[in-house]
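# Structural overview
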Amino acid sequence: MATLVFGGLGHVGSWISHDLAARGEDVVIFDLGAAGLDGLGLDYLEPYRDRLTFENVDVLDVHTLFERMRAYEGRIDAVIFGVAVIAGPNFAKRPFRHIQINTVGMLNVIEACRIFGVPKFINLSSGAVYGDQAGGQTEDLPVKVTDLYGATKASNEVLALQYGQTYGIDVRNARLYFVYGPGKLPSRMHVLYQAMFGPLEGPTEADSPKGGDQSLDWTHVRDTAAGVVALLDAPADVSGEAFNISSGVAVAHRDIVGHVADIVGHESKVTLGSGLFFERGAPLDISKARARLGFEPRFADIREGLRDYRAWLQGARPH
Ligand SMILES: NC(=O)c1ccc[n+]([C@@H]2O[C@H](COP(=O)([O-])OP(=O)(O)OC[C@H]3O[C@@H](n4cnc5c(N)ncnc54)[C@H](O)[C@@H]3O)[C@@H](O)[C@H]2O)c1
């Protein structure tokens, strides 16, 4: 049996795939353009090549999706859905396309799960479902979205839960938040990410128009993945529930810039304009994940997470 990770070449999905393969499990990765690992820079997956199978599937191409899922019928005990266009300035530039990928894409996948009898579905959701509600958000707060991305994540949670209830699929929603760390090059991310994390990669000039007055709950990707795997492993009594998976700590963005300068040994030419970059509160309350999943973030002190990120960026991409 295997776990099927949609978006398994993405930032979070690749670390989930890593963690499952590292403990000896088989992982099937469905991702857009996936032909294998070569050239992707996901060096941490290299030792586990023999546990990984790749399928080049676009979740909006239902024919290929169903055809390839049929090939694994009876061999998948869980699907993790991690395909998305993530939050950021890019999302609203092509709203219809991006909503299709996030929401119609998930609908296509959970429909395939229904038809092929996949018993468990982990939906990678987001703290975006809380919108700009003040930090300390618990899972029982009503949903309040403040952008189109958040609308896709809230819709997906409701759709997935109703699929679960109607067709007997064990659905679990993982609410992730502001992921950083190995696997993602800051230079390929939005400008706030570049301004805060870019100097860890190499000499960086970045001017973020906003975000300087914000504190967010940035989560090291290894903690994110560990939380999702804990949710996957949890007994059936968590079925139908949502769990916040984050560091549980809000850090001021200007402090992150300062920590990064300390780590690289000099100030960089980065600026953060005043105001908020994302309409979100922080931190998420992770006490439910602690109590029910045994989740404990390793990188609750962001300085340790930044040092780990720096080590990967330097090792993988020396400057
Ligand atoms: N990164 C964050 O800060 C963050 C925060 C909260 C929630 N999340 C959620 O976690 C999940 C994973 O996010 P991530 O940061 O790993 O994103 P990512 O962009 O790194 O990975 C997404 C993956 O989906 C694949 N993909 C995109 N369109 C596709 C399509 N049409 N068909 C098949 N594959 C497609 C991409 O190739 C990529 O590998 C998403 O659901 C996201 O909404 C992420």
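Residues numbered from 1 in each chain as written. Predicted model: local features only at pLDDT ≥ 70, side-chain atom pairs only at ≥ 80, totals over all residues. Heavy atoms only, no water.

### As for the overall build of the chain
Of regular secondary structure, the chain possesses 9 helices and 13 strands. For 319 residues, the compact-globule estimate of 2.2 N^0.38 gives 20 Å, and the chain sits close to it at 19 Å. Seen along its three principal axes, the alpha-carbon backbone of the chain occupies a region of about 55 × 45 × 40 Å. With an accessible surface of roughly 13100 Å², the chain has 50% of that area assigned to carbon and sulfur atoms. (Helix = DSSP H or I, 4+ residues; strand = E, 2+ residues; numbered from the N terminus. Rg over C-alpha atoms; globule rule 2.2 N^0.38 Å. Areas by Shrake-Rupley, 256 points an atom, 1.4 Å probe, with all protein chains shown as cover.)

### Points about the site of the ligand
Near the ligand, the surroundings consist of 25 residues, among which His11, Val12, Asp31, Tyr149 and Lys184 are the closest. A distance of 3.1 Å separates an oxygen atom of the ligand from a polar atom in the backbone of glycine 10. The fraction of the free accessible surface of the ligand (830 Å²) that becomes covered by protein chains is 88%. If you list the elements that add at least two residues to the shell around the ligand, you get α1 (11–22), β5 (120–126) and α4 (148–167). The greatest single-element share of the shell around the ligand, amounting to 3 residues, is contributed by β5. Class assignment for the residues of the shell around the ligand results in 15 nonpolar, 6 polar and 4 charged. (Near = heavy atom within 4 Å. Polar contact = N/O pair within 3.5 Å; in protein donor to acceptor, adjacent residues only side chain to side chain. Nonpolar A, V, L, I, M, F, W, Y, C, P; charged D, E, K, R; others polar.)

### Describing the UniProt feature "domain: NAD-dependent epimerase/dehydratase" (unreviewed entry) in the chain
The positions UniProt marks with the feature "domain: NAD-dependent epimerase/dehydratase" (unreviewed entry) are residues 4–245. In residues 4–245, the share of helix is 36% and the share of strand is 20%. The end C-alpha atoms are 20 Å apart. (UniProt positions renumbered as here; feature names shortened; annotations may be inferred.)

### Digging into the environment of threonine 224
Structurally, the position occupied by threonine 224 is in helix α6 (residues 221–233). Relative accessible area serves as the criterion here: at 1%, threonine 224 is assigned to the buried category. The contact partners of threonine 224, leaving out residues within four places of it in the chain, are Val12, Leu176, Val179, Thr219 and Ile245. (Buried < 20%, exposed > 50% of the residue type's maximum accessible area, 1.4 Å probe, protein only. Contact = heavy atoms within 4.5 Å.)

### Details of the packing of helix α2 (residues 62–70) against helix α3 (residues 95–116)
At a closest axis distance of 10 Å, the pairing of α2 and α3 adopts a crossing angle of 35 degrees. In this structure, α2 crosses over α3, and the sense of that crossing is right-handed. Contact with α2, carried on its side by Val62, Leu65, Phe66, Met69 and Arg70, involves Asn108, Val109, Glu111, Ala112, Cys113, Ile115 and Phe116 of α3 and no other residues of that element. When its residues are assigned to classes, the contact of α2 with α3 shows 9 nonpolar, 1 polar and 2 charged. (Axes fitted to C-alpha atoms, helices over the stretch in contact; angles between N-to-C directions. Left-handed = near helix turned anticlockwise from the far one by under 90°.)

### A word on the sheet that holds strand β4 (residues 76–81)
If you walk across this open sheet you meet the 7 strands as β3-β2-β1-β4-β5-β6-β11, and the pairing is parallel. Among the strands making up the open sheet, the edge pair consists of β3 (52–56) and β11 (242–245). With direction set aside, neighbouring strand axes in the sheet form an average angle of 20 degrees. Contacts between α1 and the sheet are confined to β1 (2–6), β2 (26–31), β3, β4, β5 and β6 (170–176), with β2 contributing the most and set at about 165 degrees to the helix. (Pairing = 2+ DSSP bridges.)

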